[in-house]
Amino acid sequence: MNSYGINNNIFQLTYRSRAAEGLTASKIMEIVGEAVTFNKQHDITGCLVFDQGFFIQLLEGEKGIVEQLYTQIKKDKRHFQFEILSKGSTSMRQFKSWDMGYISMDEYALGEKAELVSKAREALDTISTKNDFTPKVFWYNIFTLLTASKFYKNL
Ligand SMILES: Cc1cc2nc3c(=O)[nH]c(=O)nc-3n(C[C@H](O)[C@H](O)[C@H](O)COP(=O)(O)O)c2cc1C
């Protein structure tokens, strides 16, 4: 708790990785299924995005658990070339109803949601490793896309 009474006890980590070749949509859904089971038990929330052969994932929860999970995820051969885009503490989860939301940006890149996708891609390019608002802008765009689409929601 800081002097303003804000409890910054949620840790958020955003990373990007390159998906292994041959990872089909159904294999990605298997990953999401595994993630949901573990995350639900460990109070982890977040979102996984697939975009042009890359994953971008937000993990949010207790710092030790998020860091341990990220170490575990990095051992997974279904992706490689990891890059942390942002990490830091915050007072509010951005995906509090999702044990792990999932969206493929490619799927919406050409339809009526095309503008939302290009906004999200622009925001992704501006994410700074400083713990500032830039990842929040990207994830807000993704949140909008997710709720405006047929989405994967875990209640
Ligand atoms: C892109 C990607 C994202 C993942 N996200 C999660 C996650 O949020 N939570 C989780 O428990 N596992 C996640 N996994 C799966 C883990 O890497 C790993 O398979 C899982 O923890 C089971 O590991 P184990 O078989 O060694 O127990 C993810 C895997 C990939 C490839």
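Because the structure is a prediction, the values reported are computed rather than measured.

Enquirer: Looking at this model, I keep getting lost on the environment of T147. Mind explaining?
Expert: In this fold, T147 is placed in helix α5 (residues 134-147). A polar contact of 3.2 Å, which involves the side chain of T147, links it to the backbone oxygen of T144.

Enquirer: When you look at helix α2 (residues 63-74) in this model, what are you seeing that I'm missing?
Expert: Every α-helix winds through 3.6 residues per turn, so residues three or four apart in the chain are directed the same way. The terminal C-alpha atoms of α2, which comprises twelve residues, lie 17 Å apart, in line with the 16 Å expected from a rise of 1.5 Å per residue. Restricting attention to buried positions, one finds in α2 the residues V66, L69, Y70 and I73. Projected down its long axis, α2 carries its buried residues within an arc of 100°, all on one side. Every exposed residue of α2 that faces more than 90 degrees away from the buried side is listed here: Q68 and Q72. Looking at the buried positions of α2, the neighbouring elements they touch are β1 (10-19), α1 (25-41), β3 (54-61) and β4 (79-90).

Enquirer: Teacher, can you tell me more about the pattern of salt bridges here?
Expert: Opposite charge on two side chains makes pairing possible when the charged atoms of those side chains draw close. Taken as a whole and assessed by the stated rule, the structure comprises nine salt bridges. R93 is the salt-bridge partner of D43, the closest N and O atoms lying 3.2 Å from each other. Of this pair, D43 sits in the loop between α1 and β2 (45-51) while R93 sits in the loop between β4 and β5 (101-104); the two residues are 50 residues apart in sequence, bridging distant segments of the chain. For D43, a relative accessible area of 51% puts it in the exposed group.

Enquirer: Looking at this structure, I do not really get the side chain of D51. What am I missing?
Expert: Mapped onto the secondary structure, D51 falls in strand β2. A residue is classified by how much of its surface remains accessible, and D51, at 5% relative accessible area, is buried. Side chain to side chain, D51 and Q52 meet in a polar contact 3.3 Å long. Beyond its immediate chain neighbours, meaning those up to four positions away, D51 contacts I56, M105, D106, R121 and L124.

Enquirer: Explain the pairing of β2 to me, please; I cannot follow it from the model alone.
Expert: Each regular strand carries side chains that alternate between the two faces of the sheet. Most of β2 sits inside the fold, with seven of its seven residues counted as buried. The alternating pattern of β2 places T45, C47, V49 and D51 and G46, L48 and F50 on opposite faces, both of which are buried. With seven bridges connecting them, β2 and β3 associate as antiparallel partners. Considered in β3, the bridge of L48 is made with Q57.

Enquirer: Quick question: what am I supposed to make of the site of the ligand here?
Expert: Near the ligand you find 17 residues, and of these F38, N39, Q57, Q72 and D76 are the closest. For the ligand, an oxygen atom lies 3.0 Å from a polar atom in the side chain of Q72. In the environment of the ligand, an oxygen atom lies 2.7 Å from a nitrogen or oxygen atom belonging to the side chain of D76. Those elements giving two or more residues to the shell around the ligand turn out to be α1, β3 and α2. When residues of the shell around the ligand are assigned to their parent elements, the largest contribution, five residues, is made by α1. Among the residues forming the shell around the ligand, the class breakdown is ten nonpolar, four polar and three charged.

Enquirer: What's the story with unusual backbone geometry in this structure? I'm lost.
Expert: Despite not being glycine, D43 shows a phi value in the positive range, around 55°. Look at Q81: it is not a glycine, yet its phi comes out positive at around 55°. Counting through the fold element by element, Q81 comes out in strand β4. Take Q81: its relative accessible area is 48%, and that puts it in the partly exposed class.

So, how was this worked out
Going along each chain's sequence as written, the residues are numbered from 1 onward. Confidence filtering applies because this is a predicted model: local features only for residues at pLDDT of at least 70, side-chain atom pairs given and counted only at 80 or more, and all residues used for totals across whole chains, interfaces and linings. Side-chain figures throughout are based on the complete set of non-hydrogen atoms in the structure, without hydrogens or water. In this text, helices come from DSSP runs of H or I with a minimum length of four residues, and strands from runs of E with a minimum of two, each type numbered from the N-terminal end. Each polar contact in these results corresponds to two N or O atoms within 3.5 Å; when the atoms are within protein, one needs to be able to donate a hydrogen and the other to accept it, and residues that are neighboring in sequence are counted only if both atoms are side-chain atoms. In this scheme, a helix's expected span is set at 1.5 Å multiplied by one less than its residue total. Burial here depends on accessible area, computed with a 1.4 Å probe over protein chains only, as a share of the maximum for the residue type. Under 20% is buried, over 50% is exposed, and the range in between is partly exposed. To obtain the arc, one takes the directions from the helix axis to the C-beta atoms. Whether two residues touch is decided by their heavy atoms; if any such pair falls within 4.5 Å, the residues are in contact. Here, a salt bridge means any Lys or Arg side-chain nitrogen found within 4 Å of an Asp or Glu carboxyl oxygen. Strands pair, by our definition, only if DSSP identifies at least two bridges between them. Only heavy atoms are used to decide nearness, and a residue is near a molecule or strand if one of them lies within 4 Å of it. Under the scheme applied, nonpolar residues are Ala, Val, Leu, Ile, Met, Phe, Trp, Tyr, Cys and Pro; charged residues are Asp, Glu, Lys and Arg; polar residues are all the others, including Gly.

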